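# Structural overview
The chain contents come next:
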Amino acid sequence: MMFDWIRPRALKKQGMLSMNKRNIDYIARYNDRRAFPLVDNKLLTKQVVDEYDVASPRLLQVVREQHEIAHFREQVANLDGFAIKPAKGSGGKGILVITSREGDDFLKPSGSRLSLADIERHLSNILAGLYSLGGSPDVAVIEALVRSEPRLAAYSHQGVPDIRIVVFKGYPVMAMLRLATQASDGKANLHQGAVGVGLNLANGHALNAVQFDRPLSEHPDNGLRLADIRIHNWHYLLGMASRCYEATGLGYMGVDLVVDEERGPLLLELNARPGLAIQIANGQGLLPRLQAIEALKRPHLTPAERVYWAMTQAGAENIPKPAPVSAAFEPLLQM
């Protein structure tokens, strides 16, 4: 059975947000330029969100100078898996994931092998700015490997699935699950061929699924029915995304989360310029949801209140209603 799907042209009638309108009316208007360096740097992001009860993958090492690459061998001596990321990279460029080892070889999710010299060369390229925004010198962030929660991992081909939530003025407004495929080389990148699954804000259930902007009902590699996807702890995930507003002050952003099998929900990164393909994945436009929040006469002050409002607007029932408070931050309790 195919998902209900709407053609991109028809989305315009349902309030599709265009790139120009996003850039002028939302990014430029609601995102303070002074906050951009914070979210454009994964290391700074990790440090600031931790103060707002937003967990992220465990930091193992930071390589800032070429001579520090020599110490990398010691740091990974007893590790079977880890991830290397350029702090100022974008679009997944420069991210290297190692899932296991065989002898002196390091294995990627695809099964391809790398030597220690290969990895040290990759670290050197990161420091030289090969993957950074504008080609500026960078630092390498080495994190513990995220091992996806098995129920979600089953839907993804090799790579870790992630959840993108667009947050506006602290309110979650739209979400999708991104699933790696063989076409995307194990990366959760829609432009490279990953599957985008629109998620119902009310409950985290699958709404619609696309690959290369075309509808599909089954994952192209494993054949699993995408309509069966249910995101557990959905209320808590939305709360994490909402708390990133207090952490950064960004009015319009994308929050990328993963669910680790041991640690639970973790923040991968924040994006001050989130893409618009999430509308295709959901079969709905962003604009009406953004305008509804702009029209609020009394904005909600806490993450818990904003999540409650967003979920009820999406049709959720029987959600515990938070008590209104005046504090700027209130930890969100799990359901």
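Our subject in this report is the structure included herewith.

What follows is about the overall build of the protein. A tally of regular secondary structure across the protein gives 11 helices and 14 strands. C-alpha atoms of the protein, sized along the principal axes, occupy 60 × 45 × 40 Å. The buried share of the protein, taken over its 335 residues, is 52%. Per element, the accessible surface of the protein, about 15,700 Å² overall, is 49% carbon and sulfur. Counting 38 positive and 35 negative side-chain charges, the protein places the averaged centre of each group 8 Å from the other.

Right, let's get into the packing of helix H8 (residues 234-248) against helix H11 (residues 303-313). At a minimum axis separation of 9 Å, H8 and H11 run at an interaxial angle of 125°. It follows from the interaxial angle that H8 and H11 lie oblique. Crossing geometry of H8 relative to H11 is assigned as right-handed. When H8 is examined against H11, the residues Trp-234, His-235, Leu-238, Gly-239, Ser-242, Arg-243, Tyr-245 and Glu-246 are found in contact with a partner set consisting of Pro-303, Arg-306, Val-307 and Met-311.

Attention now goes to the sheet that holds strand S8 (residues 162-168). By definition, the strands of a sheet pair up through backbone hydrogen bonds, in either a parallel or an antiparallel sense. Spatial strand order, S12-S11-S10-S9-S8-S13-S14: 7 strands in an open sheet with antiparallel pairing. Here the strands that pair on one side only, and so sit at the sheet edges, are strand S12 (214-215) and strand S14 (264-271). Pairing of strand S13 (residues 252-260) with S14 involves 7 bridges; the strand directions are antiparallel. Within the sheet, the bridge partner assigned to Asp-256 lies in S14 and is Glu-269. Across the sheet, H8 is in contact with S8, strand S9 (171-179), strand S10 (195-199), S13 and S14; its angle to S13 comes to roughly 135°. Across the sheet, helix H10 (residues 287-294) touches S8, S9 and S13, and the angle it forms with S9 is around 150°.

The end-to-end C-alpha distance of helix H6 (residues 116-127) is 17 Å, a good match for the 16 Å that 12 residues give at a rise of 1.5 Å each. All buried positions along H6 are accounted for by Leu-116, Ile-119, Glu-120, His-122, Leu-123, Ile-126 and Leu-127. Looking straight down H6, one finds its buried side chains confined to an arc of 155°; they lie on one side. The positive-phi residue at the C-terminal boundary of H6 is Gly-129, with phi of around 90°.

As a further point, take the packing of aromatic side chains. Using the criterion set out here, one finds 8 aromatic pairs in the structure. Measuring from centroid to centroid gives 5.4 Å for Tyr-26 and Phe-168, while their planes differ by 80°, and the two rings are edge-to-face. One end of the pair, Tyr-26, is in helix H2 (residues 19-30); the other, Phe-168, is in strand S8, and 142 residues separate them in sequence. Judged by relative accessible area, Phe-168 falls into the buried class, the value being 0%. Over the aromatic face of Phe-36 sits the side chain of Arg-33, whose NZ or CZ is 4.5 Å from the ring centroid.

What follows covers the side chain of Glu-305. Within the secondary structure layout, Glu-305 lies in helix H11. Of the side chains bearing the opposite charge, Arg-306 lies closest to the buried Glu-305, which forms no salt bridge; the N-O distance is 7.0 Å.

This brings us to H10. Every buried residue of H10 is accounted for by Leu-287, Leu-290 and Ile-293. Buried residues of H10 fall within an arc of 130° about the axis and therefore sit on the same side. Taken together, the buried residues of H10 touch H2, S8, S9, S13 and H11.

What follows is about the pairing of S8. Residues in a regular strand project their side chains so that they alternate between the two faces of the sheet. Burial of S8 is extensive: 7 of the 7 residues sit out of reach of the surface. Burial along S8 is two-sided: the residues Asp-162, Arg-164, Val-166 and Phe-168 and Ile-163, Ile-165 and Val-167 are all buried. Alignment of S8 against S9, held across 7 bridges, turns out to be antiparallel. Bridge pairing links Val-167 to Pro-172 in S9. Adjacent in sequence and paired antiparallel, S8 and S9 are bridged by 2 residues, among which Lys-169 carries a positive phi angle near 55°.

This brings us to the side chain of Glu-149. Tracing the backbone through its elements, the reader meets Glu-149 in the loop between strand S7 (140-144) and helix H7 (150-153). A relative accessible area of 13% means that Glu-149 is categorised as buried. Separated by 2.6 Å, the side chains of Glu-149 and Arg-151 make a polar contact. Once you skip the residues sitting within four places of it in the chain, Glu-149 turns out to touch Val-259, Asp-260 and Glu-261.

Definitions and cut-offs
- Residues numbered from 1 in each chain as written.
- Predicted model: local features only at pLDDT ≥ 70, side-chain atom pairs only at ≥ 80, totals over all residues.
- Heavy atoms only, no water.
- Helix = DSSP H or I, 4+ residues; strand = E, 2+ residues; numbered from the N terminus.
- Buried < 20%, exposed > 50% of the residue type's maximum accessible area, 1.4 Å probe, protein only.
- Areas by Shrake-Rupley, 256 points an atom, 1.4 Å probe, with all protein chains shown as cover.
- Lys, Arg positive; Asp, Glu negative; His and termini not counted.
- Charge placed at Lys NZ, Arg CZ, Asp CG, Glu CD.
- Axes fitted to C-alpha atoms, helices over the stretch in contact; angles between N-to-C directions.
- Parallel < 35°, antiparallel > 145°, perpendicular 65-115°, else oblique.
- Left-handed = near helix turned anticlockwise from the far one by under 90°.
- Contact = heavy atoms within 4.5 Å.
- Pairing = 2+ DSSP bridges.
- Expected span 1.5 Å × (residues − 1).
- Arc of directions from axis to C-beta.
- Phe/Tyr/Trp six-rings, centres within 6.5 Å; stacked < 30°, edge-to-face > 60°.
- Lys NZ or Arg CZ within 6 Å of the ring centre and 35° of its normal.
- Salt bridge = Lys/Arg side-chain N within 4 Å of Asp/Glu carboxyl O.
- Polar contact = N/O pair within 3.5 Å; in protein donor to acceptor, adjacent residues only side chain to side chain.

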